[in-house]
Structures are given as C-alpha cells and as structure tokens.
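Read off the chains here:
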Amino acid sequence: MTAGVFVLGGFQTDFAKVWSRQGQDISDMVREATYGVLQQCRLDPGAIESIHVGNAFGEAQRQQGHLGAMVAQVVPELWGVPAMRHEGACASSSLAVLAAMAEIEAGRYDCVLVLGVEEFKNLPGDLASQNQNAASWQGHEDIDCTFMWPAAFGLVAREYDERYGLDRQWLNQIAKQNYANAKDNPLAQTRKWAFDDLSFTDDDEANPVIEPGTRRQDCGQITDGACAVVLVSERFLQRHARHVGHMQSDYARIAGWGHRTAGLRLQDKFERSRNEPYVFGHLRQAIEDAWRRAGIGGIDAVQGVETHDCFTITEYLAIDHLGLTPPGMSWQAVESGRIAPGGSCPVNRSGGLIGCGHPVGATGARMLWDAARQVTGQAQAMQIDGAQRMQTLNIGGSCATVVSFVVERAP
C-alpha cells in the first residue's frame, strides 16, 4: 500500500480557451495554473519545495523547451525552487506525478507542485496532428495513412473486431455519453457544442470517416490547457489542515499506482498479446499494480473511473482491461449502463478527452485532480454519489506508456 502522498488541491484552466487568439501562449497557461493552485490550496509559494512539469510537444508547437524553468520565469516567487520537465506523450503529467510522489515517499520534500500543460491551437490542425506523430516510432509503424493516431486506433478497433467481434454502435454510444457528460463540466472544451440525431451514427456526412475504423466523433479533442496539483506528505497535510481549519479527511490520498511501458510500435504489441486474454497485457498489469498497492481486490472496490479516451476504442479497451467486463466484452458495460451516470461505476464524468478536451501534457494531472474532487465531494454537477475511491488510467502513444492511480478520501 502506498502511504503518505496526498492531494492538497488542484486547478484546471478552461479547456475551451484558445490562448493564442488573445495574444497569449504556453507561458500564460503555466502562470494561471500555478497561481490558481496556490490560491485554491491557500498555500504560500514559499511552501513549494520542488516542481515537476508534464509536457509532450512544447518544442514542436511553440519551439519552447526547458519548461521546468518556465514556472520560475512567470511565477517569480518560485525562483530557485528545483524543477524538471517530463515527457511521455499523453501520459506526461502522470509521469510528473510519479516523480513527485517518489520525492515525497523518499522524504526528500514534503510539498511538491505538479503541472501539466500543452498548447495546440496556435498552429493549424493538420500541422498539430503531424507534430503528435512523434509519439509513434517514426518511419517504422508501417501504417499507410494521412493521420497517424486516428489510423493507429482504427487498427486497435480492427484488432478487437478480429479477436472478439466489435459492433460500432457501442463506440458511438461512448462518444455520445462523453459529450453529454461534458455538459456538466464548466471547464470542458465541448460544453457548448451541439449535435443532431445523426452525429452518433455511422452516417458518412454527419460522422465522416477520418481513417479506417475511426470516425469524427470517435476522436478526442486536442486543445490548449493546463492543470496543476499540489502533492504533500502526511505531516505537511496535518499542519496545513489545522492552519486552514480543515480535517485530514477533507483531502484525497493517492492510495496506489501502476506504471508500465511497452515499445513504441503498435503492431509489436498486437503480436506479443496474440495468445493472451488482454490485447495490452502490460496495461492490465499497471491496473493490477495500482490495486495491489492500494490494498484493494479490483474494480468492484472503485466507485468511478477517469480513463483515457483519445478515441472511443481507447475507452472501450479500458473497460475490459479495468475488469468492468471480461476481455472483449466491453459492450456489456455500455449496454447495461454500468459506466453511465448513475451506474455502478461511472466512467469519465468529466467528459473525458472526448468531451472535456485533451491538452496532451495536462491530461494525466487533470484526471488525478478530477478523481480527487470526486472522493472529496467537490465535483459539483459531475459528482458521483457515494464516491469514496476512484481510479485513473492514462495512456501515452499506442498504449506504450501507461499509468494508473487509485485515489481515495484520506483517512
């Protein structure tokens, strides 16, 4: 069991905001998220002892690297605080969380800032899409396509269809549900978007094919955004809670974590799992590692999930890998309503990447913060009744880097 790492607070920017249209850029996102989380936590900047930044594509999108130092540049109160940047494609800020946890568990620091940030809307969509291809094995994927990631996850859908059978109505339903969930999220990119009756069908005009196996509504929405969380030790939490008049049980604890990494190339992952029960065995291992470290037996001990849904098939595969259904039977959880609001384990009440938005480097931190809000009763219209324990699943590339956290109300 992982002991002693708590979420003191968090802050998310508005994922619908296009920062470049207002003459702003990634540095402004860093500033807003950092000051926002300090205010939300009621924390003096001098309490921050270390900083970890998750970002995937700063160099490609803005020709801006060295983002660890960006925090002190725009928040001068943090000048001199040690900082570093982490890159793991869509799992970048989950890796930053893991690094911060390790520092706290080792006793090096008691109060650590984790910030995930990404800017996408400053460049045309086609170019931003090409930049994201760097998370695949360039020149080696052997996928003939215009758009790498819709094509790659279209192949995941094909793999599911060949192994188990796949009816696209369930993918359409996942998209419809996540866009509906986003209506309850005041920071979701798509909260004001409108759809018609054909939007979540296989109608080629209302929901056109982007790449084989992937239609428009299957796709998560890349966007601008940042999310920051402050992680602390138990002794820091106790002092801080007394100072601000709270109880320790008002906060969330990271009870368990799992982190596994496979190779970059998608087809190699298919081949390795050819005779295995799960398409991505290492992803299942990460989930089981998180359960084991949290001291729980499985998904039945969890009241809700924030999972990766860069495409609808990604959520579909998360459902069976999480154990909500047997392998290949994810449709059962969609059909039964188990993952819907009011179900026994709602999935992506935030709207997920499809509805809330996907600023790649910020997504892992956003999932963690939304999970923490759920177990502390702060999720407002998104609140899952009785949520005492949540699980996140964050995926980088074609399921190459996977991180899962179990989050529960602090004892």
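The shown structure was predicted, so the numbers you read here are calculated from the model rather than taken from an experiment. (Residues numbered from 1 in each chain as written. Predicted model: local features only at pLDDT ≥ 70, side-chain atom pairs only at ≥ 80, totals over all residues. Heavy atoms only, no water.)

Across its full length, the chain carries 14 helices and 11 strands. Relative to the compact-globule value of 22 Å for 411 residues, the chain shows a C-alpha radius of gyration of 20 Å, a close match. Expressed along its principal axes, the backbone C-alpha trace of the chain runs to roughly 55 × 45 × 40 Å. Counting across all 411 residues of the chain, residues that qualify as buried make up 63%. Summarising the internal contacts of the chain: among those between residues at least 6 apart in sequence, 77% fall at separations of at least 24. For the chain, the computed accessible surface area is about 15,400 Å², with 48% contributed by carbon and sulfur atoms. Charged side chains in the chain number 35 positive and 48 negative. The centres of these two groups are separated by 5 Å. (Helix = DSSP H or I, 4+ residues; strand = E, 2+ residues; numbered from the N terminus. Rg over C-alpha atoms; globule rule 2.2 N^0.38 Å. Buried < 20%, exposed > 50% of the residue type's maximum accessible area, 1.4 Å probe, protein only. Contact = heavy atoms within 4.5 Å. Areas by Shrake-Rupley, 256 points an atom, 1.4 Å probe, with all protein chains shown as cover. Lys, Arg positive; Asp, Glu negative; His and termini not counted. Charge placed at Lys NZ, Arg CZ, Asp CG, Glu CD.)

Moving on, we come to the sheet that holds strand β7 (residues 225-232). In spatial order, the strands read β3-β2-β4-β7-β1-β8-β11-β10-β9; together these 9 strands make up an open sheet with mixed pairing. Bordering the open sheet on either side are β3 (83-86) and β9 (304-307), each of which pairs with just one other strand. In this sheet, adjacent strand axes meet at a mean angle of 25° when their direction is disregarded. The sheet contact formed by strand β2 (residues 50-54) and β3 spans 4 bridges and is parallel. By the bridge assignment for β3, I51 is matched with A83. Across the sheet, helix α4 (residues 92-105) is in contact with β2, β3, β4 (111-118), β7, β8 (252-261), β10 (389-396) and β11 (401-409); its angle to β2 comes to roughly 160°. (Pairing = 2+ DSSP bridges. Axes fitted to C-alpha atoms, helices over the stretch in contact; angles between N-to-C directions.)

Turning our attention to the packing of aromatic side chains. Evaluation of the coordinates by the stated rule reveals 11 aromatic pairs. Considering the side-chain rings of F57 and F120, the 6.0 Å spacing of their centres and the 45° angle between planes classify their relative orientation as tilted. Taken together, the residues span a long stretch of sequence, with F57 in the loop between β2 and α2 (58-62) and F120 in the loop between β4 and α5 (125-132) at a distance of 63 residues. In this structure F120 comes out as buried when scored by relative accessible area, which is 2%. Aromatic rings pair up to connect Y179, W193, F195 and F200 into one cluster. One residue, K17, lies across the ring of W19, its end atom 3.6 Å from the ring centre. A cation sits over an aromatic face here: R293 above W257, 3.6 Å from the ring centre. (Phe/Tyr/Trp six-rings, centres within 6.5 Å; stacked < 30°, edge-to-face > 60°. Lys NZ or Arg CZ within 6 Å of the ring centre and 35° of its normal.)

A few words on the packing of helix α10 (residues 281-294) against helix α11 (residues 312-321). In contact at an axis separation of 10 Å, α10 and α11 are set at 55° when each is read in the N-to-C sense. As summarised for this structure, α10 and α11 are arranged oblique, according to the angle between their axes. Regarding α10 and α11, the two cross each other, and that crossing is right-handed. Between α10, through L283, R284 and I287, and α11, the contact on the second element is made entirely by L317, D320 and H321. The class makeup of the residues in the contact of α10 with α11 is 3 nonpolar, 1 polar and 2 charged. (Parallel < 35°, antiparallel > 145°, perpendicular 65-115°, else oblique. Left-handed = near helix turned anticlockwise from the far one by under 90°. Nonpolar A, V, L, I, M, F, W, Y, C, P; charged D, E, K, R; others polar.)

Here D309 is to be found in the loop between β9 and α11. One buried charged residue, D309, remains without a salt bridge, the closest side chain of opposite sign being R366 at 5.6 Å. At a separation of 3.2 Å, a polar atom in the side chain of D309 contacts the main-chain amide nitrogen of I354. Apart from the residues within four sequence positions on either side, D309 is in contact with N178, G220, T314, E315, N348, G351, G352, L353 and I354. (Salt bridge = Lys/Arg side-chain N within 4 Å of Asp/Glu carboxyl O. Polar contact = N/O pair within 3.5 Å; in protein donor to acceptor, adjacent residues only side chain to side chain.)

Under the counting rule described, the total for this entry stands at 25 salt bridges. What you see here is one network of salt bridges that share partners, running through R168, D202, D204, R215 and D218.

So, about helix α6 (residues 148-164). Here α6 contains 17 residues, and its C-alpha end-to-end distance of 24 Å stays within 8% of the 24 Å for a straight helix at 1.5 Å per residue. By the criterion of burial, α6 is predominantly enclosed, with 12 of the 17 residues buried. When we look at burial in α6, the residues that qualify are M148, W149, P150, A151, A152, F153, G154, L155, V156, A157, E159 and Y160. On the buried face of α6, the contacting elements are α5, β5 (209-211), β6 (214-215), α9 (266-272) and α11. (Expected span 1.5 Å × (residues − 1).)

We now examine the nonpolar core. Among the nonpolar cores identified, the biggest contains 59 residues, and V156, F280, L283 and I313 are the most heavily contacted of them. Broken down by secondary-structure element, the contributors of at least two residues to this core are α6, α7 (168-182), α9, α10, α11, α12 (331-336), β10 and β11. Looking at which element gives the most residues to this core, the answer is α6, with 9 residues. Those residues in contact with L283 that lie beyond four places of it in its chain are L317, H321, L393, I395, C399 and V402. Counting 36 residues, the second largest nonpolar core, distinct from the first, contains V30, C41, L43 and V230. (Core = buried A, V, L, I, M, F, W, Y, C linked by side-chain atoms within 4.5 Å.)

Glancing now at unusual backbone geometry. Unlike most non-glycine residues, Q63 shows phi in positive territory, near 55°. Within the fold, Q63 resides in the loop between α2 and α3 (68-74). On the basis of relative accessibility, which here comes to 65%, the residue Q63 falls in the exposed class. Despite not being glycine, A89 has its phi angle at roughly 55°, a positive value. Considering the arrangement of structural elements, one finds A89 in the loop between β3 and α4.

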